[in-house]
Structures are given as C-alpha cells and as structure tokens.
Amino acid sequence: MHELSIAYNLVELAETAARNAGATKVTAVHLRLGAMAGVVEDALRFSFPLAAAGTLVEGAELTVETVPVRIFCTACDAERTLPPPFAFRCPVCATPAARLIQGREIQLDAIEIEEAAYAAAHP
Amino acid sequence: MQPRILELRQAVLSKNDELARDLRARFRENGVLAVNLVSSPGSGKTALLEATLREMRARGWAVAAIVGDLATENDALRLARSGAPVRQIETGTLCHLEADLVARHLEGWSLGELDFLFIENVGNLVCPSDYDLGEAVRAVLLSVTEGEDKPRKYPPLFHSADVALITKIDLAVAVEFDRAAALASVQTVAPHATIIETSARTGQGLDAWIDYLAQRRAEL
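Residues numbered from 1 in each chain as written. Chains lettered and ligands numbered in written order. Predicted model: local features only at pLDDT ≥ 70, side-chain atom pairs only at ≥ 80, totals over all residues.

Draft legend 1. Structural view of the overall build of chain A. Within chain A, the regular secondary structure consists of three helices and six strands. In chain A, the succession of helices and strands from N to C terminus is α-β-α-β-β-β-β-β-α. Expected size for 123 residues packed as a compact globule is a radius of gyration near 14 Å; at 18 Å, chain A overshoots this value by more than 25%. If one aligns the C-alpha atoms of chain A with their principal axes, the spans along those axes are about 60 × 30 × 20 Å. Relative to its 123 residues, chain A shows a buried fraction of 41%. Partitioning the intrachain contacts of chain A with sequence separation of at least 6 by distance along the chain shows that 73% fall at a separation of at least 24. (Helix = DSSP H or I, 4+ residues; strand = E, 2+ residues; numbered from the N terminus. Rg over C-alpha atoms; globule rule 2.2 N^0.38 Å. Buried ≥ 20, exposed ≤ 12 C-beta atoms within 10 Å, placed from the backbone. Contact = placed C-beta atoms within 7 Å.)

Spelled out as structure tokens, the structure:
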C-alpha cells in the first residue's frame, strides 16, 4: 500500500504549485494514472484527504484519468492499445512487444486554484 | 465563481526520479553496476544474494549490498557472512525502498572502490515497481514454490525487470513446478527480460547470473 506516500507526494506538488501561483486554496487536483502504474485508484482516493488535511489542498476534488497501456509493434509499425490483463504482444499480429510507450504515468496534470486577489474581489 | 486552472504535467514521483537520476550518474561515473532485487517475500532474495556475494568475491569483484526490510537487521547479518560490506535499511512501515533511503545509506562508502552494489528491496510485488533507485539492472525473482502465473498477476513489477531469476530450481521436481508455464508467463509480461534459473543451495545458474552481471557492467 504505497498509495499514501503517493498521495503525500501529490499534495506536496499541488501545494507548492499553488503557493507559487499565489493561490489561497486548491479546489481540484487532476491526476493521470497509467493502467500499469501499479497504483490502486480506490486506495489513492482513500489516502488523498488524509494527505491533504491541513494544507491548501484540503477539501479539493481529486479526478483520475486512466491512461491506457500503449505499445509499439515493430511488425505492424504501429502503436497499439493493450487491454488488461497485460500480455506484451501485439493484439493484432501477436508479435511480442517489449517496453511500453504509455501506461505507467502517475502524473499531476493540472490543479484548479482560487487566488487571493480573486477572493478579495469576489467576497 | 471561476477558479483558475494551472497546467502542471508533473510526475508525482519526480523528487524520487531526480534523486534516482543523480544516483545513476554517480554509479556510472564510479563504474558501479547497481542491481535492484525485487520479489515477493520468501522467494529467496537473501539466499541468492548471499551466494552471489560469496561467489563474486571469490572471483575478485568488489561487491556490497544494501538490504531493506520493515524491521530487524537479520538479513544484513546473514549477508555479512559473505564478507562483503552490508547495510540494513529498516523502513519501519514503508513497503518499498526509495532513492533517498539508498542515497543516505551509501554515505561513508567509497563508490570508486566498488564494482557491484546490490540493493535488496522490501519483499513486495506491487509497491517497489514505481520507485527508481538509480539501478542499472532490475532483477525480479520468481521461486518455483510460487504460482507459475505470478508474472501475469503482477505485470507492473515483472514488466519493469531487465532479468527474471527463477529461484529454488533445486525444488522444482518436489513442488511439481511447471517450467514451461512459468517461462511463458514471464515472456508474456516481460518479453525483453533475460531469464536465468538459479539455486542458491546447489549453485546452479550462479555462473550464468554472474556472467550476465559482468556483461552489464562492461556495458555501463
């Protein structure tokens, strides 16, 4: 269960970016999560509010976009999407395909913030 | 009210990734091949590592090991019997090793005097897969006493490995190990991986494993 440490990393990055932008609050955190990232979304959702407590991120909504696994098939000379369970061969021609080109991401895509100046102007 | 959207596109584990990059550069500059050993608990990481350290020292290589567990120094004490310098990382509740833990436990060691550094990760088939430790080689162990389909069940970790070691091969007959099924399972998830069958007890496969490591070090 490493989702809690991932949640802490996520909150730290979001809070740092928010502070640098002069934000007073983070309202949403958008995450891209590879299907082969080895991260359980439910466990991450459980951990996120714990990690966010007492930070600018507290109360923020967490959205998770699942990134499918993509491989490059040298025989077809084309990119292919692999459905789970992951067998690393081309789903069209069955040629074994080594490293994946997408699907391991744990990426903070964007955050939504409220800024001090905005909050002052819109009480 | 309309909040502002900040596009970040940042890897969540970027801090670990950066530390791992620094470590990888340090290892390469010093001619050290770093090997990250991952597997489920009980698949024989420590036994294989003890035999590997002993045999590599006998061949004149300078080897060292860092071993991670939630608690106890038992593995470090076991590995130290090989005569190699060994350090234990007690992770407390952490289910995997991270680059900064490795960096901290390297302090005081002169990397220039080392040829190989083995990092025995916490026994866990899930969590270590996302954490780069700066290793040049990731070795995953699958013992014959586990299910042959383990790689299919845990694709992220097995896929991330450069080499898959089938361990405890001396027990294969006793446990009716289905070798073909196990090899197919590894090849399905990690077609790029080199597969080596080993036994820490009989020494089977140790030559092939050490030759593989020496070859990888020559390619650094």
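Now, onward.
Draft legend 2. Spatial organisation of the interface of chain B and chain A. In this assembly, 29 residues from chain B lie in contact with 31 residues from chain A. If you list the elements that add at least two residues to the side of chain B that touches chain A, you get β1 (4–11), α6 (155–159) and α7 (179–189) of chain B. When its residues are assigned to classes, the side of chain B that touches chain A shows 17 nonpolar, six polar and six charged. Both strand β6 (residues 106–115) of chain A and β1(B) contribute to a ladder of six bridges, which runs antiparallel. Bridge assignment links Glu112(A) to a residue of β1(B), and that residue is Ile5(B). (Nonpolar A, V, L, I, M, F, W, Y, C, P; charged D, E, K, R; others polar. Pairing = 2+ DSSP bridges.)

Draft legend 3. Representation of the nonpolar core in the model. Counting 101 residues, the largest nonpolar core has Leu10(A), Ala14(A), Val26(A), Ala65(B), Phe116(B), Ile119(B) and Ala164(B) as its most contacted members. Among the elements that take part in this core, helix α1 (residues 3–20) of chain A stands out by supplying eight residues, more than any other. Mapped onto the domain boundaries, this core takes at least three residues apiece from domain 1 (1–68 + 103–123) and domain 2 (69–102) of chain A. In contact with Ala65(B), not counting residues within four places along its chain, are Leu49(B), Leu53(B), Leu79(B), Ala84(B), Val86(B), Phe118(B) and Glu120(B). (Core = buried A, V, L, I, M, F, W, Y, C linked by C-beta atoms within 7 Å. Domains from an automatic or database assignment.)

Draft legend 4. Just the environment of Glu12(A), in detail. All names here are of chain A. Within the element layout of this structure, Glu12 appears in helix α1. Take Glu12: there are 15 C-beta atoms within 10 Å of it, and that puts it in the partly exposed class. For the pair Glu12 and Leu56, spaced 44 residues apart in sequence, the C-alpha separation works out to 9.6 Å.

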